Amino acid sequence: MGTQGIRVENLVKNFGQGESLVEVINGASFVVQKGELVALIAPSGAGKTTLLMMIGCVLEPTSGTIWLGEEAVYDGRWIGNDTRRIRREKIGFIFQSHYLIPFMNVIDNVTLLPQTNGLAKDKAHDKAMELLEYLEIAEKAKSMPSQLSGGQNQRVAIARALANEPQIILADEPTAALDVERSVNVVKMLKKIAQEQNVAVIMVTHDERMLAFCDKILKIEDKKIVISKLNDNKHIV
Amino acid sequence: MINLAQKDIAHSLGKFLVTAMGVGMLFGIVLIMIGVYRGMMVDAEILLNDINADLWIVQEDTLGPFAEASRVHEDLKDTLRAFEGIDKSEALTFQNLQLPGETKPIRVTAVGFDVFGKINPINPGRLVAGEPLTKEHYQIVVSEKTGYKVDDTFKLGRDIYRVAGVTRDTVSSGGDLLVYISLKDAQNLQFLYSNARIRSDRARGISETKEAKMANAVVATVRAGYDIDDVANKIKQWKHESVYTRTEQKAILTKNLIERSSKQIGLFTAILVVVSTIIIALIIYTMTLEKMKEISIMKLIGIPNSMIIKMIVQETLILGILAFIFGNLFSHLIYDNFPKRVVLEIPDAWMLFGVVIAASVLSSFIGIAKVIHADPAAAIGG
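Bear in mind the structure is a predicted one, so any value in this text is a computation, not a measurement.

What follows is about empty space enclosed by the protein. Residues and elements named next belong to chain B. Within this structure, the stated rule accounts for one cavity of 30 Å³ or more. Listing elements by their share of the lining of the largest cavity, those giving two or more residues are helix H8 (259-290) and helix H10 (305-334). Ranked by residues supplied to the lining of the largest cavity, first place goes to H8 with three residues. Broken down by class, the residue content of the lining of the largest cavity amounts to three nonpolar, one polar and two charged.

A few words now on the layout of surface pockets. All names here are of chain B. There is about 450 Å³ of room inside the largest pocket. Lining of the largest pocket is provided by 25 residues; of these, Pro65, Phe66, Asn96, Thr109 and Ser173 occupy positions nearest its centre. Of the residues in the lining of the largest pocket, the class split is eight nonpolar, 11 polar and six charged. Counting the residues that make up the lining of the second largest pocket, at least three belong to each of domain 1 (4-42 + 260-379) and domain 2 (60-240).

You'll often see interface size given as the accessible area lost when the parts meet. Every contact between the two is made by 26 residues of chain B and, on the other side, 23 residues of chain A. Buried area between chain B and chain A, summed over both chains or domains, comes out near 2400 Å², and the portion from carbon and sulfur atoms is 71%. Scanning the region where chain B abuts chain A turns up one salt bridge. We note a salt bridge from A:Asp108 to B:Lys7, for which the minimum N-O separation is 2.7 Å. Run the count over chain B and chain A and you get eight residue pairs in polar contact (both at pLDDT 80 or more). Where the side of chain B that touches chain A is concerned, the elements lending two or more residues are helix H1 (4-11), helix H9 (292-301) and H10 of chain B. The biggest single contributor to the side of chain B that touches chain A is H9(B), with seven residues.

What counts as what
- Residues numbered from 1 in each chain as written.
- Chains lettered and ligands numbered in written order.
- Predicted model: local features only at pLDDT ≥ 70, side-chain atom pairs only at ≥ 80, totals over all residues.
- Heavy atoms only, no water.
- 1 Å grid on protein atoms, 1.4 Å probe; cavity = no way out; pocket = protein on both sides within 12 Å on 5 of 7 lines; lining within 4 Å.
- Points joined across faces, edges and corners; volume = space filled by probe spheres on them.
- Helix = DSSP H or I, 4+ residues; strand = E, 2+ residues; numbered from the N terminus.
- Nonpolar A, V, L, I, M, F, W, Y, C, P; charged D, E, K, R; others polar.
- Domains from an automatic or database assignment.
- Contact = heavy atoms within 4.5 Å.
- Buried area = accessible area lost by both parts, 1.4 Å probe.
- Salt bridge = Lys/Arg side-chain N within 4 Å of Asp/Glu carboxyl O.
- Polar contact = N/O pair within 3.5 Å; in protein donor to acceptor, adjacent residues only side chain to side chain.

Quick look at the structure:
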């Protein structure tokens, strides 16, 4: 197994105060290694999006520690003020819907982040083309998102998530809008990316058929994380 | 670096252009309004410049015929000629008339002057057909906008007049078309009563007045070497009339007469600019709202605020500049169709450009506020 991709320790998230205090996550701890595809499952409202937002440096935890790679990004407070820079440089996001920028074509969507990170236009273009070829959608490089099918758009969204060479990918129900065949293809692709690009991937899913492709399953139960390794015994952390 | 504004505009170019055209029409109206004001200023000075007199001698304690009723004796012109420093002097009348028109009467301002005098208010440069007045009676020179041609005839008062000449761009300070008639005809039209009125007066025991030798003003030029103000003061002192220099008469026209109209136009223009600014702000707000999901995604994946704000500001500025260009085109296309003179001047357009840029920047603040407050978490969770 690879090196540490995501490490979370005693992560707590409460909303409200006093009598209106709501505990959503209470002391979650787990590690996702680089190269792993991990599923995050839970009933609706159990806190999986909240957990994803905290790992993605979008929502500030109440307490706990978060490491992305070897860098601690949260330890009781954000380390460094620019969480957006962390997201830009370390994290790739994939959403339920592709959420590509509709006024930019495929290649512009994929090169947006690398160019924002300071990569020259030509180099960003070459790299984006490599990714699009890797995801077998290079022939659509000049197309607008509105001209592509749902599956094609999701592959472009994956290419965008990979374009800034992230250490982790957070995928929020990436197969929710796809049929079974396309869903399987996307999850296989994420598995391949995790292994070949050495990236830690956390994928929120409701579809149990996709769990077979994952290395590990994180389940939120009673505000804590239950980790299942496939064919392993479950244990609560 | 990818220019987000360029991509966004290119994606919805038609919609963006139509929006810019709509706002541009508002700016076009703003330019027209400013042009109407400029036109009023130009119109106010046409007669003054064409008469080209140094002094205007009018009824005592009045501002003269452009502002209020003024009557002076015609023979004042002869007295003035004997005055030290006076070169030429002539009597003039100004009166509103209704010329018969095809469908409705045409309101005009008639200037009466001595056809054989030394000061002729008809500017030869404005004469586009026919000739100036050559006879003391029943000739008229009209503005081409009356629709009359040379040798046309029509009844005015008790007499039939023949069109001797046609002028262009001749209007009074009030915007009415100018016509020129002889002083004697003008005096008859203005001061001579109808036969019925004379009979009625006689029946009442009112004796006939000899008012036919009155005028509304006497204009004069000053000999070279004499100070105009000095001559004016002497006339005031000795003749007990109000005397205005050309500059003073111009001030009466522009400040006293046009001031209220110009204020009204100015206020209307200011309201239009404010409305345009609000419309741009609303458009930018709507355009930003339409992109909130994309903005949240951009913020979530790490695009800095500055890049998104740059997109909003650039789009607002481009919208403003395009609207300004369309506004200029629009105003130049329609200005000639207005019944009153519209003068479009480049400095006014530049002034509006400055206002447009300021309004655009101001409008973009609304979009910027939306960007700053956009929640990146809104992109997660569907």
